[in-house]
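# Analysis of the macromolecular model
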Amino acid sequence: MTAFVVETTILCVLFTIMVLLSMKKPLQTQIYSYPPNIINRVADLGLIEKPEKPRLVESLKRKWPAIILLGVVIGLVVYFVNDADTFGKAFAISYGVWTIVDWYDAIVLDIGWFCHSKKVRIPGTEDMVEDYQDYRFHVKASLVGMLLGLPTCLIAGFVCQVLP
């Protein structure tokens with residue numbers, strides 16, 4: 001249990017650092033993390049090209065290599081750190097960590113910080129307070145994140161199952 005708490009704490013800290021570092025770039029570079037109305041306004045302002053909604057199949061094709069790599073890495077971590085030597089144990093631990101980090105992102109970073117911080121407001125969208133504070137958008141994104149965690153953690157479980 002101690003390793004689980006330490007892992008989730010470290011990952012939440014690392015995720016926070018990653019988000020803070022990404023904020024050093026122009027905000028438009030993170031535009032697809034913003035609610036749709038804000039994306040459309042930014043496009044109308046000419047700050048980005050008008051986005052085409054990516055097709056689900058194309059989106060998944062881009063994500064699969066990362067899902068596989070992350071699943072292998074997570075599998076190795078839970079095998080060596082958490083002594084997860086069965087598929088079920090590895091899946092449960094890795095999905096538990098995944099879910100905690102996912103909800104930390106949604107509740108603390110997105111709803112607690114993003115929705116209320118003026119530092120993440122893109123110039124020309126400052127009046128869109130209601131759109132910035134759209135909690136449902138962040139909860140839905142978190143649910144999608146939980147779904148993406150399933151194949152990742154299934155791979156982690158498989159990795160632990162095949163290791164000697």
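Residues numbered from 1 in each chain as written. Predicted model: local features only at pLDDT ≥ 70, side-chain atom pairs only at ≥ 80, totals over all residues. Heavy atoms only, no water.

## Let's talk about the pattern of salt bridges
Which entries qualify depends on this criterion: Salt bridge, as used here: a side-chain nitrogen of Lys or Arg that lies within 4 Å of a carboxyl oxygen of Asp or Glu. A run of H or I in DSSP becomes a helix once it reaches four residues, and a run of E becomes a strand once it reaches two; helices and strands are each numbered from the N terminus. Three exposure classes are used, based on accessible area relative to the maximum for each residue type with a 1.4 Å probe and protein chains only: buried under 20%, partly exposed in between, and exposed over 50%.
A complete count under the given rule lists two salt bridges for this structure. Between Arg41 and Asp127 there is a salt bridge, and its shortest N-O distance comes to 2.9 Å. In this pair, Arg41 is assigned in helix H2 (residues 36–44) and Asp127 in the loop between helix H4 (87–114) and helix H5 (129–132), connecting sequence segments 86 residues apart. Accessibility expressed as a relative area gives 25% for Arg41, which makes it partly exposed.

## Some details on the confidence of the model for the protein
Applied cut-off: Predictor confidence is given residue by residue as pLDDT, running from a minimum of 0 to a maximum of 100.
For the protein, the average pLDDT comes to 91, and 96% of its residues sit at 70 or higher. The least confident element of the protein, judged by mean pLDDT, is helix H3 (residues 56–80) at 86; the most confident is H4 at 96.

## Quick look at the environment of Gln28
For the record, the criterion: Only heavy atoms enter the contact rule, under which two residues are in contact if any of them lie within 4.5 Å.
Mapped onto the fold, Gln28 is located in the loop between helix H1 (2–22) and H2. Residues Gln28 and Leu14, spaced 14 residues apart in sequence, show a C-alpha to C-alpha distance of 22 Å. Aside from chain neighbours lying at most four places away, what touches Gln28 is Val42, Leu47, Ile48 and Ile122.

## Quick look at the side chain of Thr16
By the element assignment, Thr16 lies in helix H1. Using a relative accessible area of 18% as the deciding quantity, one classes Thr16 as buried. Beyond its immediate chain neighbours, meaning those up to four positions away, Thr16 contacts Tyr104 and Leu109.

## A few points about H2
To keep things clear, this is the line we draw: Regarding the arc, it is the one traced by the directions from the helix axis to the C-beta atoms.
Every buried residue of H2 is accounted for by Ile38, Ile39, Val42 and Ala43. An end-on view of H2 places all buried positions within 140° of arc, on one side of the element. Taken together, the buried residues of H2 touch H5. One or two residues past the end of H2 sits Gly46, with phi positive at roughly 80°.

## Re the packing of H1 against H4
Put simply, the rule is: Axis definition: a line fit to C-alpha positions, over the contact stretch in the case of helices; interaxial angles, taken between N-to-C directions, run 0 to 180 degrees. Orientation labels follow simple angle bins: below 35 degrees gives roughly parallel, above 145 gives roughly antiparallel, 65 to 115 gives roughly perpendicular, and whatever is left gives oblique. Note on convention: near helix rotated counterclockwise from far helix by under a right angle means a left-handed crossing. Clockwise means right-handed. Lys, Arg, Asp and Glu make up the charged group, whereas Ala, Val, Leu, Ile, Met, Phe, Trp, Tyr, Cys and Pro make up the nonpolar group; the residues left over, Gly among them, are polar.
Running from N to C, H1 and H4 cross one another at 40°; their axes reach a closest spacing of 10 Å. In terms of their interaxial angle, H1 and H4 are classed as oblique. Remark: the crossing between H1 and H4 carries right-handed chirality. Contact with H1, carried on its side by Phe4, Glu7, Thr8, Leu11, Cys12, Phe15, Thr16 and Val19, involves Ile93, Gly96, Val97, Ile100, Val101, Tyr104, Asp105, Leu109 and Trp113 of H4 and no other residues of that element. Among the residues forming the contact of H1 with H4, the class breakdown is twelve nonpolar, three polar and two charged.

## Overview of the environment of Leu154
Take Leu154: it is sitting in helix H6 (residues 135–162). Of the residues examined, Leu154 reaches a relative accessible area of 41% and is grouped as partly exposed. Taking the C-alpha atoms as reference, Leu154 lies 8.5 Å from Ala90; in sequence the two are 64 residues apart. Among residues more than four places away in sequence, those in contact with Leu154 are Phe87 and Phe91.

## Let's talk about the environment of Val13
Mapped onto the secondary structure, Val13 falls in helix H1. The exposure class of Val13 is partly exposed, given its relative accessible area of 46%. Sequence separation between Val13 and Val101 is 88 residues; the distance between their C-alpha atoms is 9.6 Å.

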